[in-house]
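# Inside the fold
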Amino acid sequence: MSHPPILTKPRADTARIAADVEYYLQLWPRQLPSRYFYDALGSALFEAICRLPWYGVTRAEERLLQAHRDEIVERAGRISRIVELGSGSGDKLRTLALSPVRTGTVAAHLIDVSPAALAAAAHVLADVPRLSVVTHEAEYEDGLDLFAREPREIGTTLALFLGSNIGNFDRPGAESRLRNLRMALARHDRFVIGVDLVKPEPALMLAYDDPLGVTAAFNRNLLVHLNRELGANFDPQAFAHRALWNESESRVEMHLVATTLQQVHIDTLNLDVRFEAGEAIWTESSYKYTPHDIVTMVERASFRSEAQWIDDADGFALTLFRAV
Ligand code: AVI
């Protein structure tokens, strides 16, 4: 039997976006937070990226989940709750929840900043037997706070941090998310993380600067989103998409580079910002890890690794941990 999703927490308000944009645009180099990629169009563009032949993250993870979901579910024991950070489309949780070895009912808590992604995921999960869906439209920390306040039922909690979402945080940010997650769990709960691995630069460049220009549109849509949300007048055509591999930091960076001098007015902030030709706004980092780094980093947050599976075709790792 399926249940309608329960929705908690209103969306991030304009004041928060305005404060972030004011702060990040005055940093040097200028930045804009990647969380603002994900308005309805941005979420749809991201779903399109996941289907691109050059972006293997989603397919590799789906293959690993299909192949190992029964082992994950068996090791976790009687799962009563699943909490997913950054639920995206809900397809991966669906794959896990449909494992034939799962028993009993499960409450699935989805935490995501994108109302569009949450609505899509709730829809994808609606017909999964013995699964109820609770969506938390929130940043991970706030969503985990809401989740931790829910009454705990008997059984294990399975936490999911998939799609290499951890890669969009720098190392201190990633470690603090892992510690926060651990605090919302109890000993013996399980945690599955999916992480994109370091791979040759040409493959990374095709993934983040694809020949169809979908990733470029995804990057530029950030400006379209801010135009609408903050009454700004960025000209998206005047900013070029740039992706680069920063080897010493082990991250792909995305930037938006002004192709000519740009004077941008942001109404809500009553702010004028001047971009010289060639000046860049840093919009995203995607950190890439080695299998060993993943284990070391997650174990530092009071987890012990139980199993790790690697997809060699696309260079992706799925690792199962137990909370200790
Ligand atoms: C959501 N996140 C893990 C994606 C990534 O690979 O960093 C977002 C993305 N950016 C460009 N392409 C995909």
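One structure accompanies this document, and this report is about it. (Residues numbered from 1 in each chain as written. Predicted model: local features only at pLDDT ≥ 70, side-chain atom pairs only at ≥ 80, totals over all residues. Heavy atoms only, no water.)

On to the overall build of the protein chain, then. Within the protein chain, the secondary structure is distributed over ten helices and 13 strands. Relative to the globule expectation of 20 Å for 324 residues, the C-alpha radius of gyration of the protein chain, 20 Å, shows essentially globular dimensions. In terms of overall dimensions, the protein chain has C-alpha extents of about 60 × 40 × 35 Å along its principal axes. With 324 residues in all, the protein chain has 55% of them scored as buried. By sequence separation, contacts in the protein chain at least 24 residues apart represent 74% of the contacts at least 6 residues apart. Carbon and sulfur atoms provide 53% of the accessible area of the protein chain, an area that totals close to 13,900 Å². For the protein chain, the centre of its 34 positive side-chain charges and the centre of its 44 negative side-chain charges are spaced 6 Å apart. (Helix = DSSP H or I, 4+ residues; strand = E, 2+ residues; numbered from the N terminus. Rg over C-alpha atoms; globule rule 2.2 N^0.38 Å. Buried < 20%, exposed > 50% of the residue type's maximum accessible area, 1.4 Å probe, protein only. Contact = heavy atoms within 4.5 Å. Areas by Shrake-Rupley, 256 points an atom, 1.4 Å probe, with all protein chains shown as cover. Lys, Arg positive; Asp, Glu negative; His and termini not counted. Charge placed at Lys NZ, Arg CZ, Asp CG, Glu CD.)

Taken together, the neighbourhood of the ligand is formed by 14 residues, with Y55, N168, Y208, E284 and S286 sitting nearest. One nitrogen or oxygen atom from the side chain of Y55 is found 2.6 Å from an oxygen atom belonging to the ligand. Contact between the ligand and E284: a nitrogen atom at 2.7 Å from a side-chain N or O atom of the residue. If you list the elements that add at least two residues to the shell around the ligand, you get α2 (40–51), α9 (214–230) and β11 (280–287). Residue composition of the shell around the ligand, by class: seven nonpolar, six polar and one charged. (Near = heavy atom within 4 Å. Polar contact = N/O pair within 3.5 Å; in protein donor to acceptor, adjacent residues only side chain to side chain. Nonpolar A, V, L, I, M, F, W, Y, C, P; charged D, E, K, R; others polar.)

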